[in-house]
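One-letter residues, chain by chain:
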Amino acid sequence: MMRIAVGGFQHETNTFAPSKADYAAFAQADSWPALQSGAGLLTAFTGMNVPVAGFIDAATKAGHTLMPLVWCSATPSAHVTEDAFERIAAMMLDALEGSAPFDAVYLDLHGAMVTEHLDDGEGELLARVRAAIGPDVPLVASLDLHANVTPRMVAQADALIGYRTYPHVDMAETGARAAAHLDSIFAGLPRQAKAMRKLDYLIPLTAQCTLIEPAQHLYAHLAKLEGQMLGNGRVGSVSFTTGFPPVDIADCGPTVIAYADTEAAAEAAADALAAEIAAAEPRFREKLWSAREAVAYAIANADGGHGPIVLADTQDNPGAGGNGDTIGILTELIAQGAPRAALGVLYDPESAGTAAQAGEGAQVRLALGAKTGGAPDEKPIEAEFEVVRVTDGEFLATGPFYGGSRMSLGVTVRLRIRGVEVVVASRKAQCADREMLRHTGIEPANLAILAVKSSVHFRADFGPMAREVLVVESPGPNIADLSKLPYKRLRKGIRVMPMGEGFGG
Ligand SMILES: [Zn+2]
């Protein structure tokens, strides 16, 4: 039975996004709990799909005693403020000092944190923790699949263990794998050798999905590498982080990390996986449809079988910096007369309020969407809408991504204009669960066309019912074609799109 200090500090930084994450953003609850410290940290996550929950559960079952440090997260945004980073890092270090002695440290990190003063937030945090605990105490961290891993992070930690799914349905499981890795260290196995490879190209978010190729077979291959003997060494944990591309730092991009009993085995495992990822580059190039083209295609194929053709409005995804209120796809659906079509979820509290006041069955004139400037050239859709349903926006999510969480979208209305329906909510939310439509009476499986404000997470619940998925490049702040981002500081030669041109070369 060991004593393990447990903490976490999660942020996914988009250096091109408009607003920063300050201390308050970490202190408050959002789709994840508020900042936790003290004994409450050990019970706040029970049953949730977050890494720290899986770690606590597994380590407790293994009989270890856990010492809470501090855990916090903020929604993806631009840089973490220097103040927030320094305050939280100081809390972490103070708690670490207060909980000594201990046998190991586990941290629940994202791996793509950039602060106002540091390109490598996690590398700095791990280095400070390492300096406090000394070279011999095991330090293990779990990482998001979107981590932009740096050599410093790898050097400071005994192991970094990444998610293997996008949609991230294995967050808790990854925490449990970190606990299992610590147990292998406690079992007295030799300290493992490490190898790391940075890949030569960035992968757009929508192409990173592990439910589709090529990521699907790459992760299957990765799982098979673990436990293999390569030469005279056994391969331990292997991770492939696909990276978070909208980050203008030298270490942006995909990474392979491998651990093994011997240096040679770790290097061989990293080389094998990196070679396979390199070979998959052409298959990571995904077609981006214009809204006009996607809607025309979907209408032409609307009666071709069961389930909707799903249009992913990725550039306005609220999980990646969008506000969920651009109207590029909606405008095309209406203009082209799409049949049995719906869009979820448009963020427009003003229109939702007006329509709710008019009541079910009423016809209301609205200026719908395009109010927050996510697509500066767009204007709201001015038209008469039928109010089909009014709800309080309170319901239970049932799909594998939001899985069991209570959603609270505020006053929500279902509007109809000809064959097109729109779910309009008073709070922003990525459309990744069928109940987001169903609670207004729309059955997504019966639609011919479904447009969602999401990049990839929608595939967890809507993927199985979809006849086809089209990724649409409709105006919005989450740029899908990375060659359109104004990068300045990537490492020389890296291709900003698969098979694209090298940066700065
Ligand atoms: Zn992620």
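Not measured: the values here are computed from a predicted model.

Visitor: Describe in detail the overall build of the protein, supporting the description with residues and values.
Guide: Tallying secondary structure elements over the protein gives 13 helices and 20 strands in all. A burial count over the protein gives 59% of its 505 residues as buried. Considering only residue pairs separated by 6 or more positions, the protein has 73% of its internal contacts joining residues 24 or more positions apart. When the accessible surface of the protein is split by element, carbon and sulfur atoms take 53% of a total near 18,400 Å². Between the averaged position of the 41 positive side-chain charges in the protein and that of its 59 negative side-chain charges there is a distance of 3 Å.

Visitor: Please set out the pairing of strand β4 (residues 104-109) residue by residue, giving values where relevant.
Guide: In terms of residue burial, β4 counts as a mostly covered element, since six of its six residues are buried. The alternating pattern of β4 places Ala-104, Tyr-106 and Asp-108 and Val-105, Leu-107 and Leu-109 on opposite faces, both of which are buried. Relative to β4, strand β1 (residues 3-10) is paired through six bridges, and the arrangement is parallel. If you follow Phe-9 over to β4, its bridge partner there is Leu-109. Sheet topology places β4 next to strand β5 (residues 139-143); four bridges connect them, and they run parallel. The partner of Val-105 across the bridge, within β5, is Leu-139. Tracing the backbone out of β4, into helix α4 (residues 121-133) and back to the parallel element β5 gives a crossover that is right-handed.

Visitor: Quick rundown of empty space enclosed by the protein? Include the residues and the values.
Guide: As enumerated under the stated definition, the model contains four cavities of 30 Å³ or more in all. Its volume calculated, the largest cavity comes out at about 80 Å³. Every residue along the wall of the largest cavity is listed here: Pro-204, Leu-205, Thr-206, Pro-245, Pro-246, Thr-314, Asn-478, Ile-479, Ala-480 and Leu-482. Of the residues in the lining of the largest cavity, the class split is seven nonpolar, three polar and no charged. When residues are assigned to domains, the lining of the largest cavity turns out to be shared by domain 2 (192-288 + 482-505) and domain 3 (291-480), each giving three or more.

Visitor: Tell me about the sheet that holds strand β8 (residues 229-230), and name the residues and values.
Guide: In space, the four strands of this open sheet follow the order β7-β10-β9-β8, with antiparallel pairing throughout. In this open sheet, the two strands that pair with only one neighbour each are β7 (193-198) and β8. Direction of pairing for β8 relative to strand β9 (residues 233-241): antiparallel, over a ladder of two bridges. When the sheet's bridge partners are listed, Leu-230 is paired in β9 with Gly-233. Contacting β7, β8, β9 and β10 (255-260), helix α8 (residues 263-279) crosses the sheet at an angle of about 20° to β7.

Visitor: Which residues make up the sheet that holds strand β20 (residues 468-471), and what are the values?
Guide: Within a sheet, each strand pairs with its neighbour through backbone hydrogen bonds, oriented either parallel or antiparallel. The eight strands lie next to each other as β13-β14-β17-β18-β12-β19-β11-β20, forming an open sheet whose pairing is mixed. Either end of the sheet is taken by a strand with one partner, and the two such strands are β13 (363-368) and β20. Here the strands of the sheet are splayed against their neighbours by 30° on average, with no regard to which way each runs. Here β13 pairs with strand β14 (residues 381-391) via six bridges, running antiparallel. Residue pairing in the sheet places Arg-365 in a bridge with Glu-384 of β14. Seen against the sheet, helix α10 (residues 328-335) touches β11 (309-312), β12 (341-347), β13, β14, β17 (412-417), β18 (420-425) and β19 (449-452) and runs at an angle of roughly 150° to β18.

Visitor: Now, about the packing of aromatic side chains: what can you tell me, with residues and values included?
Guide: Within the structure shown, the criterion is met by ten aromatic pairs. On the numbers, 5.4 Å between centres and 80° between planes, the contact of Phe-16 with Tyr-487 is edge-to-face. Of this pair, Phe-16 sits in the loop between β1 and α1 (23-27) while Tyr-487 sits in the segment after β20; the two residues are 471 residues apart in sequence, bridging distant segments of the chain. For Tyr-487, a relative accessible area of 9% puts it in the buried group. Between the aromatic rings of Trp-32 and Trp-71, the centroid separation amounts to 6.0 Å while the plane-to-plane angle is 50°, which identifies the pairing as tilted. Remark: Trp-71 occurs in strand β3 (residues 65-73) and Trp-32 occurs in the loop between α1 and β2 (36-37); sequence separation between them is 39 residues. Of the two residues, Trp-32 and Trp-71, both sit in the buried class.

Cut-offs used in this document
Residues numbered from 1 in each chain as written. Predicted model: local features only at pLDDT ≥ 70, side-chain atom pairs only at ≥ 80, totals over all residues. Heavy atoms only, no water. Helix = DSSP H or I, 4+ residues; strand = E, 2+ residues; numbered from the N terminus. Buried < 20%, exposed > 50% of the residue type's maximum accessible area, 1.4 Å probe, protein only. Contact = heavy atoms within 4.5 Å. Areas by Shrake-Rupley, 256 points an atom, 1.4 Å probe, with all protein chains shown as cover. Lys, Arg positive; Asp, Glu negative; His and termini not counted. Charge placed at Lys NZ, Arg CZ, Asp CG, Glu CD. Pairing = 2+ DSSP bridges. Right-handed = clockwise from strand over helix to strand, strands pointing away. 1 Å grid on protein atoms, 1.4 Å probe; cavity = no way out; pocket = protein on both sides within 12 Å on 5 of 7 lines; lining within 4 Å. Points joined across faces, edges and corners; volume = space filled by probe spheres on them. Nonpolar A, V, L, I, M, F, W, Y, C, P; charged D, E, K, R; others polar. Domains from an automatic or database assignment. Axes fitted to C-alpha atoms, helices over the stretch in contact; angles between N-to-C directions. Phe/Tyr/Trp six-rings, centres within 6.5 Å; stacked < 30°, edge-to-face > 60°.

Read these as spatial facts, not as claims about activity.
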